[in-house]
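Take a look at the letters that make up each chain.
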Amino acid sequence: MFSIIIKDFSFDTIIGVLDFERTTPQKVIVNTEIFYDYNNEYLDYAKVSEIIKNILQNKKFEILEDSLDYICSYLKNEYPEITTINLEILKPNILNDMIVGAKIIKKY
């Protein structure tokens, strides 16, 4: 079994439930490790990161958990060879003195 790692992938997007979060893009940081069955075809981390960014920027989720679940389902559908996804989305600027976020571990 192999995995790809995407770490500290940051960009701005609309995400959250607070009024200002619905109108002002904020920085998010995405970390993921995706395990897959390697059958002479690799999982392209550039394409995976592009998918994640496009989903987050276009869907404008309110709840991090909904975004995590959606991204996992989309990636599994796109890449059936995926066996496990560890995916974390952090919001580094929403609270003072800390970085907050949510994480999902999805096994197939």
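For the structure, see preceding data.
Structural notes, computed from the coordinates. The structure displayed is predicted, hence computed values, not measured ones.

This next bit is on the packing of aromatic side chains. This model, assessed by the stated rule, comprises four aromatic pairs. Their ring planes at 25° and their centres at 6.5 Å tell us that Tyr70 and Tyr74 sit as a pair that is stacked. Note that Tyr70 and Tyr74 are positioned in helix α3 (residues 64-78) at a spacing of four residues, about one turn of the helix. Take Tyr70: its relative accessible area is 32%, and that puts it in the partly exposed class. Of the residues examined, Tyr74 reaches a relative accessible area of 34% and is grouped as partly exposed. Counting every residue linked through ring pairs, the aromatic cluster contains Phe61, Tyr70 and Tyr74.

Now for α3. In an α-helix there are 3.6 residues to a turn, and that puts residues three or four apart on one side. Between its first and last C-alpha, α3 extends 21 Å over 15 residues, near the 21 Å set by a 1.5 Å rise per residue. Those residues of α3 lying buried are Leu64, Ser67, Leu68, Ile71, Cys72 and Leu75. Viewed along the axis of α3, the buried residues span an arc of 130°, placing them on a single side of the element. Next to the buried residues of α3 lie β2 (26-36), α2 (45-59), β3 (82-91) and β4 (100-107).

Let us now look at the pattern of salt bridges. The tally for this structure, following the rule as stated, stands at two salt bridges. The salt bridge partner of Glu21 is Lys91, with a shortest N-O separation of 2.7 Å. Taken together, the positions of Glu21 in helix α1 (residues 19-23) and Lys91 in strand β3 put the pair 70 residues apart, joining distant regions of the chain. Across the pair, exposure class does not vary: Glu21 and Lys91 are buried alike.

The rules behind these values
- Residues numbered from 1 in each chain as written.
- Predicted model: local features only at pLDDT ≥ 70, side-chain atom pairs only at ≥ 80, totals over all residues.
- Heavy atoms only, no water.
- Phe/Tyr/Trp six-rings, centres within 6.5 Å; stacked < 30°, edge-to-face > 60°.
- Helix = DSSP H or I, 4+ residues; strand = E, 2+ residues; numbered from the N terminus.
- Buried < 20%, exposed > 50% of the residue type's maximum accessible area, 1.4 Å probe, protein only.
- Expected span 1.5 Å × (residues − 1).
- Arc of directions from axis to C-beta.
- Contact = heavy atoms within 4.5 Å.
- Salt bridge = Lys/Arg side-chain N within 4 Å of Asp/Glu carboxyl O.

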